[in-house]
Amino acid sequence: MERRRFLGVLLSLSGLSALGSLIYPVFRFILPPGEMSSGTVLRIKRGDVPQGSFKELVLDNKPVIVIEVPQKGYVAFSRICTHLGCLVRFDSDKKVFICPCHGGTFDMNGNVLSGPPPRPLERINLNIEGEEIVIG
Amino acid sequence: MQRLYLALILLFLLSSPLYGKEEWKRAFEEEYLKIFPVDEAPKRNVCVSCHMSEIMRPELRTIPSQWSKSWHARNNISCHDCHGGDPEDEKNAMSPERGFIGKPSFKDIPQFCGRCHIGILEHYMKSGHGRSLRLTGHAPTCVTCHGAHEIQKASIEIINEKLCSKCHSYERAKTMKQALSVTERLIVDTDRALSTLKKKGMILEKENEEFFRTHAEFRALFHTTDVKLVKERTEEFTKRLGVIETRLSHYFKELNFRRNYSIFLTLLFAGMAFLFYLFYKERM
Amino acid sequence: MKIREFIDERIAFSELIRSQFSEYRVSERLNIFYTLGFVALAGFIVQFITGLFLLIYYIPHPQYAFQSVQRIMNEIPYGWLIRQVHVVGSNLMVAVVFLHMFSVFFMGSYKKPREFTWFIGATMLFLTLTFCLSGYLLPWSQLSYWATTIVSNLPTAFPVVGDCLADTLRGGKSVTGFTLSRFFGLHVALLPPLLSFLIALHIFLIRRTGISLPPWNASEGMKGSGQDIEGMPFYRFMVKELSMVMLYLAVLFFIIAFMPTLFLPEDANTPADPSKTPEHIRPEWYFLAPYEMLKLIPSKFLGITAQLIFVIIFLFWPFIDKSPERNILKRPVLLWTFIGVTGLWLLLTVLGGY
């Protein structure tokens, strides 16, 4: 009897800890994830983006670039090339983004024109608030 | 009935001969593996087939095999991507109308490679090598250090006495190599860490991108052959690589945690198996 | 206890437990192999539960499938645990199902009156393999895509209907997003209730005919069953079964701890690229034997016919082997055929690995 009781206790203890160590991960798994976006924004003035040119900034450790597209207004893109991650630059004469690593070229809408990049440049949220441009 | 199933078993066993394995393996792969969607057939490369044929001049016949071992080939860059022309049409394979530009002259080599490797070209042109090429027509070009077709992934060993003492003493190159070595060490270590993590299932796109642009920028910088500049910016690069390393060490810690948690669960269940067995042995 | 009384007055729960676990007795001669069926069931339940949780975050579309699985592995807390249990568990469950099948065959437990039980069991084996085939594609990795390409091309070996069969399976002429949708529906909606129903039927048949007895040292006649008034109460046998289930889980977590990449090689961590065939694709281990066999047989048609014949023999075996002798050690022809076929299957599996 003694032995059986002892076994029973051991079994229940290990059973409970096994159950606990499986239920805890399931709980963490199901609970909704925390806030995804950090919510930081960058504010610059309209005048900071020279006509027909560009402005490079860093939003939350991420390099972004703002240009003015004719008939569309200001747009912001991530500078990270979708090929391997180098930072693109804007060529004000040819009006394209060029990646210096392997020559990937994107048009003013971020779409791939030529080269190895597989996807368009990532768009970054941009809003105009009066004289200010709010990015992020 | 018994004879029937015996006969069937024999039929099954006899119809799998073990001879002729290699040929059937190839035929099998042809039939079952290379089935393409309706409109897509495998692309031909006439450049390679011509350049490997018996009628080609011997010095040009080695090119396809050199290229096939290169980093370009690994990344699906083939002949026409650099030399132009049409790789699917024998008649127009080398036609200027299809963009064929052939072999660049010695002076034009940097521009030739710089159509894609834009950042490197910029630095090279500012360097002593680039200026020497412009002014005297004599200098190392891309091909001198990296080869023309058997291009491998760049490493610090490209800077060596044999290659760099052709025009001047090795001293300058040695100083440059030393200036690069600390950062280079970090780059190699981070690269190894990233591929270990990838093998263990963690792909880490952001970290890979950040690593790539950091080390691409660093390697591009070297092409200025400006030791002072390299030394000035070494600290900046070391810091950037350090940030990446810290993030990677988090992931290694995570992998360790996963292993430990699984070991804990293994022991728990093994223990319970044993306890249940003892329980079973207890006569009711 | 008040709660127990409350329930008993409504559904006589205690009586149910008593009759199914205490009064129902089984022979003490039931050896350890008799627990494998229950272990396979436990394996299925583990797959079902982990699959359910994976459903929360998995996205069955070719553009998002791979990254949703990556997110589960690296961003969702303990997602790695759920996914790894599902991956390793599926392979372990197939292994247990195979072992169960081998031991039932070896002990002749398929014989009259248990032929239906065997037939249902054989069907369940094929259902399990279909689960594996459909589930394998879902992560949409290089491994998934190309292994599925091979296996989904195999039906083309059938004459006349072959191409149509393969196209229906794939939803097109090659593996695409349509294939993913089909396999997802199969894996998540069609197969689970089907298998669950067959499991229930299988267990019903076992209870109805009575559990078989091992054929060695049989003192009673061959028609004896394991239901034995002088045996042990079923709950005691259940303890033995539970011990084996715990062992199964221990092996599962052992593999996850020390060999986490055993079933997830490099190609499993690369997104599917229909234009790039990886160097060494093969189907998963349980498909290697039929795969290798098709490779070795010169004619496509002969190859698939041989396999079909084998499947039919396998399904209807209890109706082919009608001898009342259950002890395989007394039947050298069958014994050596069994050893030969099993050996051949092992050999083909190993060869298929190269």
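Residues numbered from 1 in each chain as written. Chains lettered and ligands numbered in written order. Predicted model: local features only at pLDDT ≥ 70, side-chain atom pairs only at ≥ 80, totals over all residues.

For the rest of this paragraph, the subject is the overall build of chain A. Across its full length, chain A holds 1 helix and 11 strands. Listing each helix as α and each strand as β along chain A from the N terminus yields α-β-β-β-β-β-β-β-β-β-β-β. Against the 2.2 N^0.38 benchmark of 14 Å for 136 residues, chain A shows a C-alpha radius of gyration of 26 Å, more extended than a compact globule. Residues classed as buried in chain A amount to 19% of the 136 residues present. Summarising the internal contacts of chain A: among those between residues at least 6 apart in sequence, 37% fall at separations of at least 24. (Helix = DSSP H or I, 4+ residues; strand = E, 2+ residues; numbered from the N terminus. Rg over C-alpha atoms; globule rule 2.2 N^0.38 Å. Buried ≥ 20, exposed ≤ 12 C-beta atoms within 10 Å, placed from the backbone. Contact = placed C-beta atoms within 7 Å.)

The helix and strand inventory of chain C stands at 14 helices and 2 strands. In terms of overall size, chain C behaves like a compact globule, its C-alpha atoms giving a radius of gyration of 22 Å where 354 residues would be expected to give roughly 20 Å. With respect to the three principal axes, the spread of C-alpha positions in chain C is 65 × 60 × 35 Å. Per-residue burial over chain C gives 37% buried out of 354 residues. Pairs at least 24 apart in sequence give 76% of the contacts found in chain C among residues at least 6 apart.

It is worth spelling out the sheet that holds strand β5 (residues 89-91) of chain A at this point. As summarised here, the arrangement of the 4 strands in space is β5-β6-β7-β8 (chain A), forming an open sheet in which the pairing is antiparallel. Strands at the two margins of the open sheet, each flanked by one partner only, are β5 and β8 (112-114) of chain A. (Pairing = 2+ DSSP bridges.)

Residue and element names in this part refer to chain A. Spatial ordering of the open sheet is given by β1-β11-β10, a layout of 3 strands whose pairing is antiparallel. Every other strand in the sheet has two partners, leaving β1 (42-45) and β10 (126-129) as the edge strands with one partner each. Between one strand and the next, the sheet's axes are offset by a mean angle of 25°, whatever the strand orientation. (Axes fitted to C-alpha atoms, helices over the stretch in contact; angles between N-to-C directions.)

Quick look at helix α6 (residues 115-137) of chain C now. In a regular helix each residue adds 1.5 Å, so 23 residues correspond to 33 Å; α6 of chain C covers 34 Å between its end C-alpha atoms and thus fits that length. T117, W118, G121, M124, T128, F131, L133, S134, G135, Y136 and L137 of chain C are the residues of α6 of chain C that are buried. (Expected span 1.5 Å × (residues − 1).)

If you look at the biggest cluster of nonpolar residues, it comprises 78 residues, and the most contacted ones within it are F269 of chain B together with V39, V245, M246, Y248 and L252 of chain C. At 13 residues, helix α5 (residues 79-106) of chain C tops the list of elements feeding residues into this core. The contacts of Y248 of chain C, once residues within four sequence positions are left out, are V39, A42, G43, L92 and V96 of chain C. In terms of nonpolar packing, the next biggest core, distinct from the first, is built from 39 residues, L121 of chain A together with L197, F218 and F222 of chain B among them. (Core = buried A, V, L, I, M, F, W, Y, C linked by C-beta atoms within 7 Å.)

Residues and elements named next belong to chain A. Pairing geometry for strand β2 (residues 54-59) and strand β3 (residues 62-69), over 6 bridges, is antiparallel. By the bridge assignment, L59 is partnered in β3 with K62. Between the antiparallel neighbours β2 and β3 lie 2 residues, among them D60 with a positive phi of about 60°. Linking two consecutive strands that pair antiparallel, namely β3 and strand β4 (residues 73-78), is a turn of 3 residues; a positive phi of about 70° is found at Q71 within it.

Residues of chain A with pLDDT of at least 70 account for 97%, and the chain-wide mean is 88. Per-residue pLDDT, averaged within each element of chain A, yields its smallest value for β1 of chain A (85) and its largest for strand β7 (residues 105-106) of chain A (95). (pLDDT = per-residue confidence, 0-100.)

Time to look at the environment of L52 of chain C. Residues and elements named next belong to chain C. Assignment of secondary structure puts L52 in helix α3 (residues 36-57). Look at L52 and you get exposed, because 12 C-beta atoms sit within 10 Å. Spatially, the C-alpha atom of L52 lies 34 Å from that of I312, the residues being 260 residues apart in sequence.

The next thing to look at is the packing of helix α11 (residues 288-296) of chain C against helix α14 (residues 332-352) of chain C. All names here are of chain C. At a minimum axis distance of 7 Å, the contact between α11 and α14 shows a crossing angle of 80°. When the interaxial angle is binned, α11 and α14 end up roughly perpendicular. In contact with L288, A289, Y291, E292 and M293 of α11, α14 contributes W345, L348, T349, L351 and G352. (Parallel < 35°, antiparallel > 145°, perpendicular 65-115°, else oblique.)

All names here are of chain A. Alignment of β10 against strand β11 (residues 132-135), held across 4 bridges, turns out to be antiparallel. Within the sheet, the bridge partner assigned to I128 lies in β11 and is I133. The antiparallel pairing of β10 with β11 creates a hairpin that spans 2 residues between the two strands, and G130 there sits at a positive phi of about 70°.

All names here are of chain C. The N-to-C vectors of α3 and α5 enclose an angle of 155°; their axes lie 8 Å apart at closest approach. Considering the angle they form, α3 stands roughly antiparallel to α5. For the pair α3 and α5, the sense of crossing is left-handed. Residue composition of the contact of α3 with α5, grouped by class: 15 nonpolar, 11 polar and 1 charged. (Left-handed = near helix turned anticlockwise from the far one by under 90°. Nonpolar A, V, L, I, M, F, W, Y, C, P; charged D, E, K, R; others polar.)

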